[in-house]
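# Coordinate analysis (summary)
Given next are the chains, with one letter for each unit.
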Amino acid sequence: MIPPEQPQQQLQPPPPAPPNHVVTTIENLPAEGSGGGSGSLSASSRAGVRQRIRKVLNREMLISVALGQVLSLLICGIGLTSKYLSEDFHANTPVFQSFLNYILLFLVYTTTLAVRQGEENLLAILRRRWWKYMILGLIDLEANYLVVKAYQYTTLTSIQLLDCFVIPVVILLSWFFLLIRYKAVHFIGIVVCILGMGCMVGADVLVGRHQGAGENKLVGDLLVLGGATLYGISNVWEEYIIRTLSRVEFLGMIGLFGAFFSGIQLAIMEHKELLKVPWDWQIGLLYVGFSACMFGLYSFMPVVIKKTSATSVNLSLLTADLYSLFCGLFLFHYKHEEPKVARRQPQLSLHGIFVLSSGRSVLLSDPKILRSTEQRLQ
């Protein structure tokens, strides 16, 4: 007798065969000689490059670059008007030129603070932080004085190139006071830039000795380096205030204390020089142009610093050196008769600039800056 389970076993379907993974893998691979693998890899790499370019060349970055070029043109205008006043009209009045700018800042921004209510009022700010803004006003005034004074001793191109010293100053101060961290490559760029500036100073001294003005060239270069150092301090302090307080407060207090101290310095040091100025419409127009460029620079720079940083702004301002070089060649007819050491300066400076601006190496500010800011401002 047949057991009842056997028919059920015969009716069961055979188990499915395991998939041939080797065949499946081989079928998915492109045929030899078709170039599909290399083509897909190159296409993916091209797509990755495009994405990186789009990330770098975004709208915010292009706006920052454009704003930086506006600042560069304003700095070039400041240099041109100062050089014309010094060389063509013998109007050596650096303090008076700064005084005009501070008066404009006072009229626009300090009066704005005066009409505000509450904690943002001018008197409330003075009660809490008057001595800090007083120091900042003195630093900013003397930075302007040293750089404008240097136009009496050296060339427009030398001043603009040596003014790049503000970049390493800003980077170092940002590291210690704003707690911004940079990679080692940035410090290599700083060293290269400083070597380039050393070449420029040496070239100015050598050329000046041939022309009988070596000491004057050296004095002018030292004045620029001193002014660049003070500018670096002022720019880092400016970024600190803008990020933690407000742009109007910074400009209003700079206008107040800058006008006060420049008026005192003008009465002591330059009242005789001001009387010697041969006033006419051309000189008046140059003073107006200088004041307009300075006021635009002061009003515009906090906007760009808030979008980027003080370091990025000063890197963008390096194009002002190129504008000033062309102006020196075509307007003031500077001749390129420099020793071999001067030929190294553009190469070293450009290499340092590329190293400083390479990659996204700047890290975000340490969160402790927010807490320390509140404690310092109380």
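Going by the structure above, here's the rest.
Described in the following lines is the structure provided in the data block.

Reading the values: rules and limits
- Residues numbered from 1 in each chain as written.
- Predicted model: local features only at pLDDT ≥ 70, side-chain atom pairs only at ≥ 80, totals over all residues.
- Heavy atoms only, no water.
- Helix = DSSP H or I, 4+ residues; strand = E, 2+ residues; numbered from the N terminus.
- Buried < 20%, exposed > 50% of the residue type's maximum accessible area, 1.4 Å probe, protein only.
- Contact = heavy atoms within 4.5 Å.
- Areas by Shrake-Rupley, 256 points an atom, 1.4 Å probe, with all protein chains shown as cover.
- Axes fitted to C-alpha atoms, helices over the stretch in contact; angles between N-to-C directions.
- Parallel < 35°, antiparallel > 145°, perpendicular 65-115°, else oblique.
- Left-handed = near helix turned anticlockwise from the far one by under 90°.
- Nonpolar A, V, L, I, M, F, W, Y, C, P; charged D, E, K, R; others polar.
- Salt bridge = Lys/Arg side-chain N within 4 Å of Asp/Glu carboxyl O.
- Phe/Tyr/Trp six-rings, centres within 6.5 Å; stacked < 30°, edge-to-face > 60°.

### Digging into the overall build of the protein
Broken down by element type, the protein carries 16 helices and 0 strands. For the protein, buried positions account for 44% of its 378 residues. By sequence separation, contacts in the protein at least 24 residues apart represent 88% of the contacts at least 6 residues apart. Put simply, the protein shows about 21,100 Å² of open surface, and 66% of that area lies on carbon and sulfur atoms.

### A closer look at the packing of helix α6 (residues 122-150) against helix α11 (residues 247-276)
Direction vectors running N to C along α6 and α11 enclose 55°, while the axes themselves pass 7 Å from each other. When the interaxial angle is binned, α6 and α11 end up oblique. As for the relative orientation of α6 and α11, their crossing is right-handed in sense. Here the residues of the contact of α6 with α11 are counted per class, giving 17 nonpolar, 3 polar and 5 charged.

### Description of the pattern of salt bridges
Any two side chains of opposite charge can pair, given that their charged atoms come close. Applying the stated criterion across every chain, the model contains 5 salt bridges. Across the salt bridge formed by Arg-116 and Glu-120, the nearest N and O atoms sit 3.3 Å from each other. By relative accessible area, which is 46% here, Glu-120 ends up partly exposed. Ionic pairing is found between Glu-239 and Arg-243, a salt bridge with its closest N-O pair at 3.1 Å. Here Glu-239 pairs with Arg-243, and both are found in helix α10 (residues 214-244), just 4 residues apart, close to one helical turn. A relative accessible area of 2% places Glu-239 in the buried class. Looking at Arg-243, the relative accessible area reads 41%, which means it is partly exposed.

### Some remarks on the packing of aromatic side chains
Two numbers describe a pair of aromatic rings. These are the distance of the centres and the angle of the planes. Under the defined criterion, the tally for this structure stands at 7 aromatic pairs. For the ring pair Phe-96 and Trp-279, a centre distance of 6.3 Å and an interplane angle of 85° mean the geometry is edge-to-face. Of the two residues, Phe-96 is situated in helix α5 (residues 94-114) and Trp-279 in the loop between α11 and α12 (281-307); the sequence distance between them amounts to 183 residues. Take Phe-96: its relative accessible area is 13%, and that puts it in the buried class.

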